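Understanding the architecture of this molecule
Next come the chains, spelled out residue by residue.
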Amino acid sequence: MATLTIDGVQVTAEEGQTILDVALENGIEIPTLCSHPLLEPYGACRLCVVEIIRRGWPRIETACTYPAWDGIEVNTKAPQVMEARKVILEMMLSRTPNVPIIQDLAREYGITEPPFPAEAPDEKCILCGLCVRTCHELVKADVLNYSAQGIERRVGPPFLEKTRQCIGCGACSIMCPTGAIEIVLEQEAVYQEKPLGPTSAVWVPSLQAIPRVPVIDKDSCIHFRQQDRSEGKIDDACMACQMLCEVDAINFEQEDEIIELDVGAIIVATGFEMWDATKLSQYSYGQSPNILTGLEFERLSNSAGITGGEIVTAEGKEPERVAIIHCVGSRDHNAHEYCSRFCCMYSLKQAHLVRDKTDASVYEFYMDMRAFGSGYEEFYERVQKEEGITMVRGRGASVEVLSNGKLRVKGDDADLGELVHVDVDMVLLSTAVEAPHDSSEVASMFGLSRKPDGFFAEAHPKLRPVETNTDGVFLAGSIQGPKDVPDTVGHAGAAASMALALLDKGEVVISPQVAIVDEKLCSACKTCISLCPYTAIAFVDEDNVARINEALCKGCGTCVAACPAGAITAQHFTTEQIMAQIEGLFRVPAEVEEGVKA
């Protein structure tokens, strides 16, 4: 531990810290354009110069490279320091006269005009070296370096030519303080296909998630990309997030693992997926960045989103006209025939957000307005009367991308009885919700049945809405069908209460009407195993027979009817027992027989 004085204030420093590190920790501002906590200090921009007094001898040094030694005195605003920074900024402003950050710093030191004529007024690079060190120390790609000397010095790949070593990670452009580096690709859509995707490799998929846990996109992460590219030879690329995480929550060595648990109840809550709007080409989704799905608009309008909640087009301008098209993929024989239930209300909410945050005119193309919940109809009336939303009753037929970038929405107006169209700056598609793509695997795993629309079937739609035909397995939320938030919360609460009620019993009574296998007759054909809807039958290799788990069997009789060897019977439901029941039903009572004889 070292003790030093900065601008008359006594501070302490840990071993290995620089003067810049200690100053920042203690709220003492020192300007710099080439320092970053993840990179080795280099002192390239020299803006962080300070006066160091050691053993009575003053000298000018860069704060980012000079160690915080014990007993030294540091002056960050001494006259000679301010003059040195002024000269450096004059040189930078003469080199890059149109860079905002340089202009702002220069004004702080009383510099309003470049003292020397600029040879290249559009130059942005100040040769700080941040990009070079980032590519070398973090990315481990070694693509960028300095070339030439003196006033001809440049930063770029070898010979300033394209190179296969570049992985297009964009780290250099992010670190560049003056915006001198741009990502230029032949396939620009790889990075900018949609403007509302992840802004970095570490991002929060759902901004309203509780808890809000970020994830790492392995396809974008520099660490994993370099590992894949070098077949695992580069195992320490980047990992900036791990180095900066104060709670050590990031572990790049973590692997997926399968954990086996013994449980008494299972609640299946896989949710839903948004339908892919590219499947209906008439909406031109993907052909313009200003055609958004409802989920993308939620990210755009969220205060924690990429625009800070501002509603702007891909060109960064506030839209003048916005069209919202309902039932995209819902109630459509070419997509899903069912209603997605909550699309109408979130479309009205998004129309309200557009009107609240912009002066844009909003047009809603809808077939029927299904405002079914508490207060929903009142909100629908408010949006129309108080906010001036133009409602067009009739399905939006198509979206056309015009040559000037505008979007033309054509549709039916059932009230006017004619086709109408409107040119807008932004189109919002209220896309359908659908069952997750792997629902069939989940259904097979738990022995659940699915409805024709792909969602999971409950035991009874009215009397048992959260239970399934598999005891101990319950459904919660949109796995059963499209639901809005209040209904999902209520459904989940019911599923939780049913699971707790089951666990609270301590023991479960099962039906005695289960199937049993006569192992002497079993031919080991395994036909019953694939047919059992409850996965209650397993094959025992040691004994070469099939055996039934009585706790899982529901006595449906499928295996009994299918067994070619007749080795499986339904307990308490054999042919003899059924015939005896029939005989009992048709047996004439004894007193009747005596009366007939008399």
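Just so you know, these numbers come straight off a predicted model, no measurement behind them.

**Observations regarding the sheet that holds strand 13 (residues 321–328)**
- Spatial ordering of the open sheet is given by 12-19-13-14-15, a layout of five strands whose pairing is parallel. In the strand order of this sheet, the two ends are held by strand 12 (291–293) and strand 15 (390–393), each with one partner. Mean inter-strand twist for the sheet, computed between neighbouring axes without regard to direction, equals 20 degrees.

**Side note on the sheet that holds strand 3 (residues 49–54)**
- If you walk across this open sheet you meet the five strands as 2-1-5-3-4, and the pairing is mixed. Of all strands in the sheet, those bounded by a partner on one side alone are strand 2 (9–13) and strand 4 (57–62). Averaged over all adjacent pairs, the angle separating strand axes in this sheet is 30 degrees, with direction ignored.
- Pairing of strand 3 with strand 5 (residues 73–75), which is carried by three bridges, proceeds in the antiparallel orientation. Counted as the bridge partner of Ile53 is Glu73 from strand 5.
- Against the sheet, helix 2 (residues 79–95) engages strand 3, strand 4 and strand 5, with an angle of about 150 degrees to strand 3.

**A closer look at unusual backbone geometry**
- The backbone of Ala148 shows a phi angle near 65 degrees, a positive value even though the residue is not glycine.
- Residue placement: Ala148 occurs in the loop between strand 6 (145–147) and strand 7 (154–156).
- A positive phi angle is found at Glu231, which is not glycine, with a value near 55 degrees.
- Counting through the fold element by element, Glu231 comes out in the loop between helix 7 (222–229) and helix 8 (240–244).

**Some points on the confidence of the model for the protein chain**
- Of the residues in the protein chain, 95% have a pLDDT of 70 or more, and the chain-wide mean is 88.
- Note that residues 186–194 has pLDDT below 50 and, in this model, 12 contacts with residues that lie over four places away or in other chains.

**Considerations on the domain arrangement of the protein chain**
- When its domains are assigned, the protein chain resolves into domain 1 (2–77), domain 2 (262–508) and domain 3 (515–581).
- Centre-to-centre, using C-alpha coordinates, domain 2 lies 45 Å away from domain 3.
- Facing the five residues of domain 2 at the interface are four residues of domain 3.
- With both sides pooled, the region where domain 2 packs onto domain 3 buries about 340 Å², and carbon together with sulfur makes up 47% of that total.
- It is Gly447, Asn469 and Asp471 in domain 2 that bury the most area against domain 3; as a group they hold 70% of the surface buried on that side.
- Taking the shortest distance from any N to any O, the salt bridge between Asp471 and Lys554 comes out at 2.6 Å.
- Summed over the shared surface of domain 2 and domain 3, the result is one residue pair in polar contact (both at pLDDT 80 or more).
- Here the side of domain 2 that touches domain 3 is built from residues that sort into no nonpolar, four polar and one charged.

Conventions used here
Residues numbered from 1 in each chain as written. Predicted model: local features only at pLDDT ≥ 70, side-chain atom pairs only at ≥ 80, totals over all residues. Heavy atoms only, no water. Pairing = 2+ DSSP bridges. Helix = DSSP H or I, 4+ residues; strand = E, 2+ residues; numbered from the N terminus. Axes fitted to C-alpha atoms, helices over the stretch in contact; angles between N-to-C directions. Contact = heavy atoms within 4.5 Å. pLDDT = per-residue confidence, 0-100. Domains from an automatic or database assignment. Buried area = accessible area lost by both parts, 1.4 Å probe. Salt bridge = Lys/Arg side-chain N within 4 Å of Asp/Glu carboxyl O. Polar contact = N/O pair within 3.5 Å; in protein donor to acceptor, adjacent residues only side chain to side chain. Nonpolar A, V, L, I, M, F, W, Y, C, P; charged D, E, K, R; others polar.

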